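Below, each chain spelled out in residue letters.
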Amino acid sequence: KLSGLDLAAVSNGLSNTDLAYADFSGAKIDGVDFRDSKLEYADFSSASITDARFNSEGTCLNNVNFETAKCNDANFNNATLKEVDFTDASLEGASFCDADLSHATFEGAVAREAILSGSMPRSASFVGANIEDAKFQEADVSEATFSNAVLAGVDFRGAELADTDFRSVSANSNTEFGVRNYHECKADMAAEEHIKSEKGLKLEQLTEYEGNWSPSF
């Protein structure tokens with residue numbers, strides 16, 4: 001059990017290690033290298049993991065608990081994070097490029113300026129999350145739920161949006177919704193002005209609308 005400990009000094013000592021079911025709850029793990037480690041079902045709840053490195057295809061974080069953890073600027077690129085729990089976590093500036101986030105939970109998380117380009121948060125939940133200015137270019141967010149999330153400045157250009165739920169979200173003129181499968185999204189909003197370009201669909205003004213989101217041009 002490693003809960004509550006300060007592990008920042010072992011910045012290179014936890015890579016390529018079997019840490020499944022390990023208890024890091026409340027630990028200080030800023031900048032620690034976990035690349036290529038097996039961390040299934042580990043508990044990082046309330047831990048400080050700022051600048052930690054998990055960025056490797058060999059890093060397995062399936063079913064890990066990051067609830068209320070501080071993960072600002074952590075690097076999860078290429079890692080596997082199926083069914084991971086980031087409820088109420090702080091993920092500002094965290095990077096998840098090309099990571100598998102299937103069925104992950106980000107409910108209530110603060111992930112401003114997070115980078116999820118090319119990631120796969122299929123069927124993930126971002127309910128009530130603040131992901132302002134986050135990047136989801138070319139990500140597969142099909143069947144994900146963003147209801148009541150803050151999407152100001154979020155970039156979904158090129159993303160897979162089939163059956164994605166955008167009901168009751170907060171967006172602004174800088175929010176970019178790519179045109180790929182936009183007609184299959186679920187939303188209670190409709191754009192009064194639409195700008196269609198090769199870069200995608202930009203929503204200039206939003207109003208309440210009951211039913212499926214069906215922009216016309």
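Residues numbered from 1 in each chain as written. Predicted model: local features only at pLDDT ≥ 70, side-chain atom pairs only at ≥ 80, totals over all residues. Heavy atoms only, no water.

A tally of regular secondary structure across the protein chain gives zero helices and three strands. In the protein chain, the order of α-helices and β-strands from amino to carboxyl end is β-β-β. Sequence separation of 24 or more characterises 8% of the internal contacts of the protein chain that already satisfy a separation of 6 or more. When the accessible surface of the protein chain is split by element, carbon and sulfur atoms take 39% of a total near 9,200 Å². (Helix = DSSP H or I, 4+ residues; strand = E, 2+ residues; numbered from the N terminus. Contact = heavy atoms within 4.5 Å. Areas by Shrake-Rupley, 256 points an atom, 1.4 Å probe, with all protein chains shown as cover.)

This part takes up unusual backbone geometry. One non-glycine residue, Tyr-21, lies in positive phi territory at about 70°. Relative to the elements of secondary structure, Tyr-21 occurs in the segment before β1 (176-177). The exposure class of Tyr-21 is exposed, given its relative accessible area of 61%. Backbone geometry at Asp-88 places phi at a positive 60°, although glycine is not the residue there. We classify Asp-88 as partly exposed; its relative accessible area is 44%. (Buried < 20%, exposed > 50% of the residue type's maximum accessible area, 1.4 Å probe, protein only.)

Evaluated as defined, the whole model comprises 26 aromatic pairs. With a centroid separation of 5.1 Å and an interplanar angle of 5°, the aromatic rings of Tyr-21 and Tyr-41 are classed as stacked. Of this pair, Tyr-21 sits in the segment before β1 while Tyr-41 sits in the segment before β1, and the two are 20 residues apart along the sequence. Seen in terms of ring centroids, Phe-146 and Phe-156 are 5.5 Å apart; in terms of plane orientation they differ by 85°. Their pairing is edge-to-face. Separated by 10 residues along the polypeptide, Phe-146 in the segment before β1 and Phe-156 in the segment before β1 bring together distant segments of the chain. The two residues Phe-146 and Phe-156 agree in class, both being buried. (Phe/Tyr/Trp six-rings, centres within 6.5 Å; stacked < 30°, edge-to-face > 60°.)

The next point concerns the nonpolar core. Proteins that are soluble and globular tend to have nonpolar side chains buried together. If you look at the biggest cluster of nonpolar residues, it comprises 57 residues, and the most contacted ones within it are Phe-44, Phe-66, Phe-86, Phe-96, Phe-136 and Phe-146. The contacts of Phe-146, once residues within four sequence positions are left out, are Phe-126, Ile-131, Phe-136, Val-141, Leu-151, Phe-156, Thr-164, Asp-165, Phe-166 and Val-169. (Core = buried A, V, L, I, M, F, W, Y, C linked by side-chain atoms within 4.5 Å.)

Turning to the pattern of salt bridges, a few remarks are in order. A complete count under the given rule lists seven salt bridges for this structure. Note that Arg-167 is salt-bridged to Asp-165, the shortest N-O span being 2.7 Å. Take Arg-167: its relative accessible area is 39%, and that puts it in the partly exposed class. You can call Asp-165 buried: its relative accessible area is 9%. (Salt bridge = Lys/Arg side-chain N within 4 Å of Asp/Glu carboxyl O.)

Our next topic: the environment of Ala-149. With respect to the helices and strands, the residue Ala-149 is situated in the segment before β1. Separated by 39 residues in the primary sequence, Ala-149 and Val-110 have C-alpha atoms spaced 10.0 Å apart. Those residues in contact with Ala-149 that sit more than four places away from it in its chain are Phe-126, Gly-128, Ala-129, Ser-168, Val-169 and Ser-170.

With that settled, consider the environment of Thr-164. The residue Thr-164 is located in the segment before β1 in this model. Thr-164 sits 20 residues away from Ala-144 along the chain, and the two C-alpha atoms are 5.0 Å apart. For Thr-164, the side chain forms a polar contact with the main-chain oxygen of Leu-161, separated by 3.0 Å. (Polar contact = N/O pair within 3.5 Å; in protein donor to acceptor, adjacent residues only side chain to side chain.)

A few words now on the confidence of the model for the protein chain. When pLDDT is low, close inspection of the predicted coordinates is not appropriate. Here the protein chain averages 83 in pLDDT, and 76% of its residues register 70 or above. Confidence drops under pLDDT 50 across residues 188-217; counting only partners more than four residues distant or on other chains, this segment forms 70 contacts. (pLDDT = per-residue confidence, 0-100.)

For the rest of this paragraph, the subject is the side chain of Ser-147. For Ser-147, the location among the structural elements is in the segment before β1. What makes Ser-147 buried here is its relative accessible area of 14%. For Ser-147, the residues in contact, after removing those within four places along its chain, are Phe-126, Val-127, Gly-128, Asp-165, Arg-167 and Val-169.

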